[in-house]
Amino acid sequence: ECPLCLLPQPPEAFPTLASCTHRSCRACLEQYLRIAISESRVQVACPHCPAALQPTDVHRLLAEPALRDKYEEFLLRRLLVADPGTRWCPAPDCSYAVIAYGCAECPRLTCGREGCGTEFCYHCRQPWHPDGPCAPAPPATSLASPAAQLVHPEDSAHAEAEDIKVCPRCSAFIMKINDGSCNRMNCTVCGCLFCWLCLQEISDVHFLSPSGCTFWGKRPWSRTRKILWQLGMVLGAPMVISLVAGIAVPVITIGIPIYMGRKVLAGGPGSRRSSLSGCQQCLSVTCSVLLSLFVSPIITAVTVGVGVPVVLTYVYGVVVLSLCR
């Protein structure tokens, strides 16, 4: 039985995959790949696990030559958009890629596609302008961009209810419902992780620092609120850390022996302690409390010795850098 369509199938209907050992029928896998490629997802995972399907398996499962060509084109585009030297021809109806290296001093590029030959600038990626400086880049890519092929005309009717933004790395159009959901976006074309609010490539601490961007929400903080929050953390960190450490040290030092004593004393009826005499139980509780009194200062010292430097590094490293920006 296929785990996707839940229909009984003969054994030969379940192709093997090089990425994992999961099995699904060929018809379900073909439909799954057809949907994934139509959505421009070239890093297609197994329907049952995160293992990425190998290109050889994708070619073997796709029966339509047009889909195979589209998959190959998306694979090539994914490699090209990750190359900082790749420039796309800005001419209408042309998606030719020009790989340019060492063109900073001589920024004049020429499209190599037969019948095009458009000249454009390496820096601003706009048509060649020999008599003037580079114009500022437009907020969104034109329809000549290869990423524009990911947007269909029928999607424009939903533009009022949904926001469309541009990937900061490959300029592919990304659509997201502005409902305050997760702002950590992953471009399906180039794999770029970026923030939906500020459109910057993100690191692991982007949403942990008071940068104004929130993990959930429709809009970032105002500049005033961001600066006040950053200054409050920088100035109030010593007092807050001292207060937390002053509370944590006695709580850990005294709380661990009390917890261990109650844990040993509260033995269930089926435990071995129920067969001990009162003197033996008292001795067991006393030994556990004394051992905890010896261990708890070590745990307290490790917790404070590691936690305080980590918090100070975050406040006076990440927060200060965010404030300077």
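Just above, that's the structure.
Rules used in this analysis
- Residues numbered from 1 in each chain as written.
- Predicted model: local features only at pLDDT ≥ 70, side-chain atom pairs only at ≥ 80, totals over all residues.
- Heavy atoms only, no water.
- Helix = DSSP H or I, 4+ residues; strand = E, 2+ residues; numbered from the N terminus.
- Buried < 20%, exposed > 50% of the residue type's maximum accessible area, 1.4 Å probe, protein only.
- Contact = heavy atoms within 4.5 Å.
- Patch = residues over 30% accessible without salt bridge, like charges linked within 9 Å, V, L, I, M, F, W, Y side chains within 5 Å.
- Areas by Shrake-Rupley, 256 points an atom, 1.4 Å probe, with all protein chains shown as cover.
- Salt bridge = Lys/Arg side-chain N within 4 Å of Asp/Glu carboxyl O.
- Core = buried A, V, L, I, M, F, W, Y, C linked by side-chain atoms within 4.5 Å.
- Expected span 1.5 Å × (residues − 1).

### Examining the side chain of Asn183
And then number 1: As for its placement among the helices and strands, Asn183 is situated in the loop between β6 (173-177) and β7 (184-186).
And then number 2: Judged by relative accessible area, which is 0%, Asn183 ranks as buried.
And then number 3: Sequence-distant contacts of Asn183, that is, excluding residues within four places in its chain, are made with Lys176, Phe194, Cys195, Trp196, Leu197, Phe207, Thr214, Phe215, Trp216 and Gly217.

### A word on a nonpolar patch on the surface
And then number 1: On the surface, a nonpolar cluster with roughly 730 Å² of combined accessible area is contributed by Leu291, Phe294, Val295, Ile298, Ile299, Val302, Val306 and Val310.
And then number 2: With respect to the helices and strands, the residue Val310 is situated in helix α5 (residues 278-324).
And then number 3: For Val310, a relative accessible area of 52% gives the class exposed.

### Side note on the nonpolar core
And then number 1: Of all hydrophobic cores here, the largest spans 15 residues; its most connected members are Leu17, Leu33, Leu53, Val58 and Leu62.
And then number 2: When contributions to this core are tallied by element, the ones reaching two or more residues are α1 (26-38), α2 (55-61) and α3 (65-81).
And then number 3: With four residues, α1 is the largest single contributor of residues to this core.
And then number 4: In contact with Val58, not counting residues within four places along its chain, are Leu33, Leu53 and Tyr71.
And then number 5: Of all hydrophobic cores here, the second largest spans 14 residues; its members include Val81, Ile174, Cys192 and Phe194.

### Quick word on α3
And then number 1: The terminal C-alpha atoms of α3, which comprises 17 residues, lie 24 Å apart, in line with the 24 Å expected from a rise of 1.5 Å per residue.
And then number 2: Along α3, the positions that sit buried rather than exposed are Leu67, Tyr71, Phe74, Arg77, Arg78, Leu80 and Val81.
And then number 3: Along its buried surface, α3 packs onto α1, α2, β1 (86-88) and β2 (97-99).

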